[in-house]
Amino acid sequence: MTRPADAKKTVGTLASFGAAGVAAAAAVGYFNAPAGAPSAGAQAAASAAVAEPLAKRAPLGPAAAAPPVPVSLEGTTPPRLPVDALGHLRKARGVRDFFDYFLAAQNEVCADALDALVERQIAAQLDGTAAALEALDVWQRYAAYRRALAALAPLSTAASAGGLDLDALQSQLDRHVSLASRTLGGEWSEAFFGADWRRARYTIERWRIVRDATLTEAQKSARLGALVESLPPDERAAVEGGQRARAAVETIAKLEQQGGSIEALRAQATQALGPQAAERIVKMRRENDAWRTKYAGYAAQRARIEAMALSPAERDAQIEGLRKRAFSNPAEALRAASLDRTSAR
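How each quantity is defined
- Residues numbered from 1 in each chain as written.
- Predicted model: local features only at pLDDT ≥ 70, side-chain atom pairs only at ≥ 80, totals over all residues.
- Heavy atoms only, no water.
- Salt bridge = Lys/Arg side-chain N within 4 Å of Asp/Glu carboxyl O.
- Helix = DSSP H or I, 4+ residues; strand = E, 2+ residues; numbered from the N terminus.
- Buried < 20%, exposed > 50% of the residue type's maximum accessible area, 1.4 Å probe, protein only.
- Core = buried A, V, L, I, M, F, W, Y, C linked by side-chain atoms within 4.5 Å.
- Contact = heavy atoms within 4.5 Å.

**Q** I'd like to hear about the pattern of salt bridges, residue by residue, with values.
**A** Within the structure shown, the criterion is met by 23 salt bridges. A salt bridge links Asp 196 to Arg 93; the shortest N-O distance between them is 3.8 Å. Placement of Asp 196 in helix H8 (residues 186–211) and of Arg 93 in helix H4 (residues 93–103) is noted, with a sequence separation of 103 residues between them. By relative accessible area, which is 11% here, Asp 196 ends up buried. Of the charged contacts, one joins Arg 285 and Asp 289 as a salt bridge, the two residues approaching to 3.3 Å between their closest N and O atoms. Separated by 4 residues within a single helix, Arg 285 and Asp 289 lie in helix H12 (residues 275–306), roughly one turn from each other. Taken together, the shared-partner salt bridges connect Arg 93, Arg 96, Asp 97, Asp 100, Asp 196 and Arg 199 into one network.

Encoded structure:
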């Protein structure tokens, strides 16, 4: 829980936690993710799909025994499998999203039941097309990839003297790429994981540049800029968007540290970030100021109770009652209690 006195520190901490640190944590998480862990794209695509939810879909025919729907998938809808104009399965990330949607339930059902569920949903979307057989083939390849991936030793997060072992990260990435190419084939490997791997390579190379003590700050900046430019347009846009967000956080931290009046903060924030962002910053400042004032009044009353000759039980009961009266919002009461515990240490 953020303490009132730490409101400025919170923003400053976010600003100081640079992209490299976030990216490195993400890289280790990617390498150590469970085989077949559902991607964010699978969840988003499922939410946007327009077909009937699984629990409501009718069976294909009297001879088709529908496998039970896992609890985690009840009432949800699988993503649509992408198909080209000729009726073939399109080599796209959407195919992996479809598979990962079902893999979210892999701990609820046995492998055979999961296969049956995937096969039935492929038939429901693609029955009678060449894409149906192609999807079944890719599902089996993906299963082979996941089995082999599970056998790989997880990447150690132990740091070397300079931080994370970038050579180990690169070696692990190379093993993933090689494994996917062998099991899925080059085109499907790129469709499923290409963007992930480019982000991982970008992260590793970024860290190498940042750590290179032989480079000046200007040289590092130039190389980092060139590294971003080497990414495909959509991935470059995502990285640049993240950079803009971090720059905004740093700007907010600086404005907060400067203090001053609300109007001065609004003027500075408007000049740096625009009027809409400025209004949000001013709103946050006002809320923080109101909280500090409210907590200060409560703390003064609490101090008077603590100065009374009461037993610990009586004192705690009176402070608890005071806190409930001062903070009718349960979230604020919890925040005050957390700050009380911190100040008592």
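**Q** So what's going on with the nonpolar core? Residues and values would help.
**A** Of all hydrophobic cores here, the largest spans 37 residues; its most connected members are Leu 89, Phe 99, Ile 122 and Phe 192. At the level of elements, H4, helix H5 (111–126), helix H6 (130–150), helix H7 (166–184) and H8 are the ones that each hand at least two residues to this core. The contacts of Leu 89, once residues within four sequence positions are left out, are Leu 81, Pro 82, Val 95, Leu 126, Ala 131, Glu 134, Ala 135, Val 138 and Trp 188. Among the nonpolar cores identified, the runner-up in size contains 11 residues, and Tyr 298, Ala 299, Ile 319 and Leu 322 belong to it.

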